[in-house]
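# Coordinate inspection notes
Here is what each chain is made of, one letter per residue.
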Amino acid sequence: MDLDATILHISDTQFGDHHRFDENGPSLSDTMIVDLRRLLEDRRIPAMDLVVMSGDIAERGKRAEFDQAKRFVDAICEATGLDHDRVVVVPGNHDVNWALFEAYFAECRADDETPREPFNRKWRPCQQFVTWLHGEAAFTEDEPYRIHRFDELGVVVAALNSTMEESHLEDGHYGWCGLEQLRWMEARLRD
């Protein structure tokens, strides 16, 4: 069986205060939607089968930034004719909310407790965004990563989460997936 899939890959939208070419101009996302519609209407690109948003969707991991991302995803879906189930999201370091991190550490200090990795609160706005797209089971505290299967396309997307150890701490800024996540992915990809 010969299958073809066209994937729109979007990275580093960084919705937030600086999501513009300049202060008075259009937003990056508005410009992209206009360009995408034009390319699809002129048939200069094939119809999309999937959209992959691979990290740094938000600027600072805030709920309002993910609300902007929701409007963008709805516009992308409208332009491509795709449903939310055809949108894959992978968090990046900008999708981690450091203020929630700091609040968690402060709460632990107040209760004389040790913070527990992977400090799940840091993903709360991103988790709400993914849940909006795919439901409660799509991004949980125990599994903040996912396999997306598109059997009709012959495509599987492994949405690895490289922000497992991302933190507000001085030495906490690097991509890291961890052996547990990799083994989880391996077990599911083996099928």
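Structure's up top.
Residues numbered from 1 in each chain as written. Predicted model: local features only at pLDDT ≥ 70, side-chain atom pairs only at ≥ 80, totals over all residues. Heavy atoms only, no water.

## With respect to the overall build of the chain
The criterion, for reference: A run of H or I in DSSP becomes a helix once it reaches four residues, and a run of E becomes a strand once it reaches two; helices and strands are each numbered from the N terminus. In this treatment the radius of gyration is a C-alpha quantity, and the globule benchmark scales as 2.2 Å times the residue count to the 0.38 power. For the exposure calls, accessible area comes from a 1.4 Å probe over protein chains only, and a residue counts as buried if that area is under 20% of its type's maximum, exposed if over 50%, partly exposed in between. Two residues qualify as a contact provided that any one of their heavy atoms is within 4.5 Å of a heavy atom in the partner residue. For the accessible areas, the method is Shrake-Rupley and the probe is 1.4 Å, while residue cover comes only from the protein chains on display.
Looking only at helices and strands, the chain has 5 helices and 5 strands in total. Taken from N to C terminus, the helices and strands of the chain fall in the order β-α-β-α-β-α-α-β-β-α. For 191 residues, the compact-globule formula gives about 16 Å, and the C-alpha radius of gyration of the chain, at 18 Å, lands near that figure. A burial count over the chain gives 43% of its 191 residues as buried. Looking at the chain alone, contacts between residues at least 24 apart form 68% of all its contacts between residues at least 6 apart. Total accessible area on the chain is roughly 11100 Å²; 46% of this is exposed by carbon and sulfur atoms.

## Considering the side chain of Glu 166
Filter applied, for reference: All tallies of charge rest on Lys and Arg as positive and Asp and Glu as negative; His and the ends of each chain are not included. Here a salt bridge means any side-chain nitrogen of Lys or Arg lying within 4 Å of a carboxyl oxygen belonging to Asp or Glu.
Its location among the elements puts Glu 166 in the loop between strand S5 (155-159) and helix H5 (179-190). This buried residue, Glu 166, is left without a salt bridge; Lys 122 holds the nearest opposite charge, at 7.3 Å. Other than its neighbours up to four places away in sequence, Glu 166 contacts Asn 93, Val 96, Trp 98, Phe 101, Lys 122, Gly 172, His 173 and Tyr 174.

## Section: a nonpolar patch on the surface
Where we set the bar: To count toward a patch, a residue needs a relative accessible area above 30% and no salt bridge. Like charges then connect within 9 Å, nonpolar side chains (Val, Leu, Ile, Met, Phe, Trp, Tyr) within 5 Å.
A cluster of nonpolar residues, Leu 160, Leu 179 and Leu 182, forms a patch on the protein surface that exposes about 250 Å² of accessible area. Assignment of secondary structure puts Leu 160 in the loop between S5 and H5. Exposure remark for Leu 160: the relative accessible area of 32% places this residue in the partly exposed category.

## Some points on the sheet that holds strand S2 (residues 50-54)
Test applied: By this definition, two strands are paired if DSSP reports at least two bridges between them. Note on geometry: axes are C-alpha line fits, over the in-contact stretch for helices, and angles between N-to-C directions span 0 to 180 degrees.
One open sheet holds the 3 strands; their spatial order is S1-S2-S3, and the pairing between them is parallel. At either margin of the open sheet sits one strand with a lone partner, and together these are strand S1 (7-10) and strand S3 (87-90). On average, adjacent strands in this sheet sit at an angle of 15° to one another, irrespective of strand direction. Alignment of S2 against S3, held across 4 bridges, turns out to be parallel. Bridging from a neighbouring strand, Val 52 pairs with Val 88 of S3.

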